[in-house]
Amino acid sequence: MTAPRKPDPKIETIAASASVGADNPHAAMAPPLVMSSTYAWRDLDERPAFDYSRSANPTRAALADALARMEGGAGAIVTSSGMSAIDLALHMAPAGARVMAPHDCYGGAYRLLEAKARLGHLAVDFVDQGDDAAFEAALSQSPALVLLETPSNPLFRVVDLARRAAQIRAAGAVSIVDNTFLTPARQRPLALGCDVVVHSTTKFLNGHSDVIGGALICADAARHEDLCWWANTLGVTGGAFDAYQTLRGVRTLAARLDAQERTAIALAHELRAHPGVSQVYFPGLADHPDAAIIARQQSGPGAVFSFTPVGGADAARRFLEAVSLMHVGASLGGFETIACLPAVMTHAGMPEPARARAGLDAALIRISVGLEHVDDLRDDFAVGLRAAAGASGG
Ligand SMILES: *Cc1c(COP(=O)(O)O)cnc(C)c1O
């Protein structure tokens, strides 16, 4: 008779208990910050577990362990940024390999892939991955890697991860999902059959707008080992202090996301009913074109949405100049509400024809909802929308 299996702990429990009280000289409850770049060899014939901090660092290992368990992977690699995590993932493919990416992927990923293609390091196809015919046509070109990003930024298009993962595997390619927008608290791509997850931990995972960081989590242990080798060889691993801060942020991820998402749901619905708003893009709206997929693969809509005010790009500028509680900036996922005009900010690196192909309107405003009270944010939206409509206010 086998003992009943202990159920896997929930995301909240993994985050709150990761490395707490782990063995250390003082039995400190909070895992210590180990800044040392190098470590003593106590025995010349045995390489210590921690030898040199580019290869391995105890604080970074504590964060990696938490992230691997939260995503359900064989291991996690903590990198210096989200971009270095994506670049590290590209090291799974040989020189000249094809990479398929979403036509509306994160602007930095677009820039990286396009620049590498220009150097001849790889060939890239930017594809509307919600379009079955376009996706299958690109897959028939035998890509080595397929980058997925769902929901997409800033239009919150959704792709069916389980279905795409199966197609990618059948084609002999490796699937990589950028899970920055939802985090494992809302979407777990490895459980849906995907191979690799990448994160910008700069966003929700750290959540306090004070670290640039990334992570890469593999479902497969051999692939994890191979990419650990590359991370050390390239020197893209993250710093100890950043890992310390990020693990501290991860402890409260679920609670932050619950609160921020609740406010995002309220505001998105109110904007949708507002006469000064022409369009709202948010996975939490019941009439989202991919509502059935969202219900299957996301445990919530997340806390970021986009909208276009009536009146075009000039109205969007008036909105951003009038608001005072939300801040105009480029990031997302922090405790503070950030408004962004993607066409001139996050997606400025994307050439205009590519922006048009991705359906990125110059008037589109993206909102990352923070932890402020919903009533105060509602007032700020009212001020912004009055200004957008051309009213002098007051
Ligand atoms: C921010 C972001 C990145 C890049 O991460 P950095 O930490 O800024 O390097 C990649 N993907 C998505 C979806 C992002 O939002």
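Report on the accompanying structure. (Residues numbered from 1 in each chain as written. Predicted model: local features only at pLDDT ≥ 70, side-chain atom pairs only at ≥ 80, totals over all residues. Heavy atoms only, no water.)

## Considerations on the overall build of the protein
The line we're drawing: Helix and strand labels come from DSSP, where a helix needs a run of H or I of at least four residues and a strand needs a run of E of at least two; each type is numbered from the N terminus. Note on classification: 1.4 Å probe, protein chains only; a residue is buried when its accessible area is under 20% of the maximum for its type, exposed when over 50%, partly exposed between these limits. Two residues form a contact once any of their heavy atoms are found within 4.5 Å. Where accessible areas are quoted, they stem from the Shrake-Rupley method and a 1.4 Å probe; at the residue level, only the protein chains shown are allowed to cover. Only four residue types enter the tally: Lys and Arg on the positive side, Asp and Glu on the negative side, with His and both chain ends excluded. By convention, charge coordinates are those of NZ in Lys, CZ in Arg, CG in Asp, or CD in Glu.
Across its full length, the protein holds 13 helices and twelve strands. The C-alpha extent of the protein, read off along each of the three principal axes, is 75 × 50 × 50 Å. Out of the 394 residues in the protein, the part that is buried amounts to 52%. Residue pairs in contact within the protein that sit at least 24 positions apart in sequence constitute 71% of those at least 6 positions apart. Counting every atom, the protein has about 17400 Å² of accessible surface; 55% of that belongs to carbon and sulfur. Separation of charge centres in the protein, based on 33 positive and 41 negative side chains, amounts to 1 Å.

## Side note on the side chain of Glu-71
Definition in use: Any Lys or Arg side-chain nitrogen located within 4 Å of an Asp or Glu carboxyl oxygen qualifies as a salt bridge. Each polar contact in these results corresponds to two N or O atoms within 3.5 Å; when the atoms are within protein, one needs to be able to donate a hydrogen and the other to accept it, and residues that are neighboring in sequence are counted only if both atoms are side-chain atoms.
Examined against the element boundaries, Glu-71 turns out to sit in helix H2 (residues 58–71). The side chain of Glu-71 is buried and forms no salt bridge, while Arg-188, the nearest opposite charge, is found at 5.3 Å. Within the local environment of Glu-71, its side chain forms a polar contact with the side chain of His-199, the two groups lying 2.7 Å apart. Ignoring any residue separated from it by four or fewer positions in sequence, one finds Glu-71 in contact with Asn-179, Thr-183, Pro-184, Gln-187, Arg-188, Pro-189, Leu-190, Val-197, His-199 and Ile-217.

## Details of the packing of aromatic side chains
What counts is decided by this rule: Geometry of aromatic contacts follows a simple scheme: Phe, Tyr and Trp rings, the Trp one being its six-membered ring, pair when their centres are within 6.5 Å, and the pair is stacked under 30 degrees between planes, edge-to-face over 60, tilted otherwise. Only Lys NZ and Arg CZ are tested; either one counts as a charge over a ring when it is within 6 Å of the ring centre and within 35 degrees of the ring normal.
As enumerated under the stated definition, the model contains nine aromatic pairs in all. With a centroid separation of 5.1 Å and an interplanar angle of 85 degrees, the aromatic rings of Trp-229 and Trp-230 are classed as edge-to-face. Pairwise contacts between aromatic rings join Phe-282, Phe-305, Phe-307, Phe-319 and Phe-381 into one cluster. Its end group placed over the ring of Phe-135, Arg-164 keeps NZ or CZ at 4.2 Å from the ring centre.

## Structural notes on the site of the ligand
This is how it is decided: For this purpose, a residue is taken to be near a molecule or strand whenever a single non-hydrogen atom of the residue falls within 4 Å of it. Lys, Arg, Asp and Glu make up the charged group, whereas Ala, Val, Leu, Ile, Met, Phe, Trp, Tyr, Cys and Pro make up the nonpolar group; the residues left over, Gly among them, are polar.
For the ligand, the full set of nearby residues is Ser-81, Gly-82, Met-83, Tyr-106, Glu-149, Asp-178, Thr-180, Phe-181, Ser-200, Thr-202, Lys-203 and Gly-213. Between a nitrogen atom of the ligand and a side-chain N or O atom of Asp-178, the distance comes to 2.6 Å. Between the ligand and the protein, one listed contact pairs an oxygen atom with a side-chain N or O atom of Ser-200 at 2.8 Å. Surface burial for the ligand is 93%, taken as the share of its 380 Å² of free accessible area covered by protein chains. Taken together, the residues of the shell around the ligand sort by class into three nonpolar, six polar and three charged.

## Comments concerning the packing of H2 against helix H8 (residues 240–251)
Spelled out, the test is: All axes are obtained by fitting lines to C-alpha atoms, using only the stretch in contact for helices, and the reported angles, taken between N-to-C directions, cover 0 to 180 degrees. Any angle between 65 and 115 degrees counts as roughly perpendicular, while under 35 counts as roughly parallel, over 145 as roughly antiparallel, and the rest as oblique. Rotating anticlockwise by less than a right angle from the far helix to the near helix defines a left-handed crossing, while the corresponding clockwise rotation defines a right-handed one.
H8 packs onto H2 with a crossing angle of 40 degrees between their chain directions and a minimal axis gap of 8 Å. For the element pair H2 / H8, the angle class is oblique. Every pair of crossing elements has a handedness; the one defined by H2 and H8 is left-handed. Between H2 and H8, the residues in contact are Thr-59, Arg-60, Ala-62, Leu-63, Ala-66, Leu-67 and Met-70 and Ala-240, Ala-243, Tyr-244, Thr-246, Leu-247 and Val-250, respectively. Of the residues contributing to the contact of H2 with H8, the split by class is ten nonpolar, two polar and one charged.

## Some words on the nonpolar core
Keep this limit in mind: Buried Ala, Val, Leu, Ile, Met, Phe, Trp, Tyr and Cys residues that are joined via side-chain atoms within 4.5 Å together make up what is termed a nonpolar core.
Grouped together as the largest cluster of nonpolar side chains are 57 residues, with contacts concentrated most on Phe-305, Phe-307, Phe-319, Ile-365, Ile-367 and Phe-381. The element that contributes the greatest number of residues to this core is H2, accounting for seven residues. Beyond its immediate chain neighbours, meaning those up to four positions away, Phe-319 contacts Phe-307, Met-326, Ile-365, Phe-381, Gly-384, Leu-385 and Ala-388. Membership of the second largest hydrophobic core comes to 30 residues, among which are Ala-89, Ala-93, Val-99 and Val-174.

## With respect to the packing of helix H9 (residues 253–272) against helix H13 (residues 374–388)
Where H9 meets H13, the axes come as close as 10 Å, and the angle between the chain directions of the two elements is 30 degrees. Judged by the inter-axis angle, H9 sits roughly parallel to H13. Between H9 and H13 lies a crossing of right-handed hand. Contact with H9, carried on its side by Thr-263, Ala-266, Leu-267, Glu-270 and Leu-271, involves Val-374, Leu-377, Arg-378, Phe-381 and Leu-385 of H13 and no other residues of that element. In the contact of H9 with H13, the residues fall into seven nonpolar, one polar and two charged.

## Examining helix H3 (residues 82–90)
Here H3 lies mainly inside the structure; seven of its nine residues are buried. Along H3, the positions that sit buried rather than exposed are Gly-82, Ser-84, Ala-85, Ile-86, Leu-88, Ala-89 and Leu-90. Here H3 starts with a cap whose side-chain oxygen sits 3.3 Å from the backbone nitrogen of Met-83, and that cap is Ser-81.

## Some points on the sheet that holds strand S6 (residues 196–200)
Strands in a sheet are paired, the pairing made by backbone hydrogen bonds, and the direction either parallel or antiparallel. Our working definition: Between any two strands, pairing holds if DSSP finds at least two bridges.
Spatially, seven strands are ordered S1-S7-S6-S5-S4-S2-S3 in an open sheet, and the strand pairing comes out mixed. The open sheet has two free edges, formed respectively by strand S1 (75–79) and strand S3 (123–127), since each of these has just one partner strand. Taken over all neighbouring pairs, the strand axes of this sheet differ in orientation by 20 degrees on average, direction set aside. Direction of pairing for strand S4 (residues 145–149) relative to strand S5 (residues 174–178): parallel, over a ladder of five bridges. Note on S5: the bridge partner recorded for Leu-147 is Ile-176. The sheet contacts of H2 involve S1, S6 and strand S7 (214–218), and relative to S1 the element is tilted by about 130 degrees.

## Digging into the environment of Glu-71
Accessibility expressed as a relative area gives 1% for Glu-71, which makes it buried. Linking Glu-71 and Ala-191, residues 120 residues apart in sequence, is a C-alpha distance of 8.2 Å.

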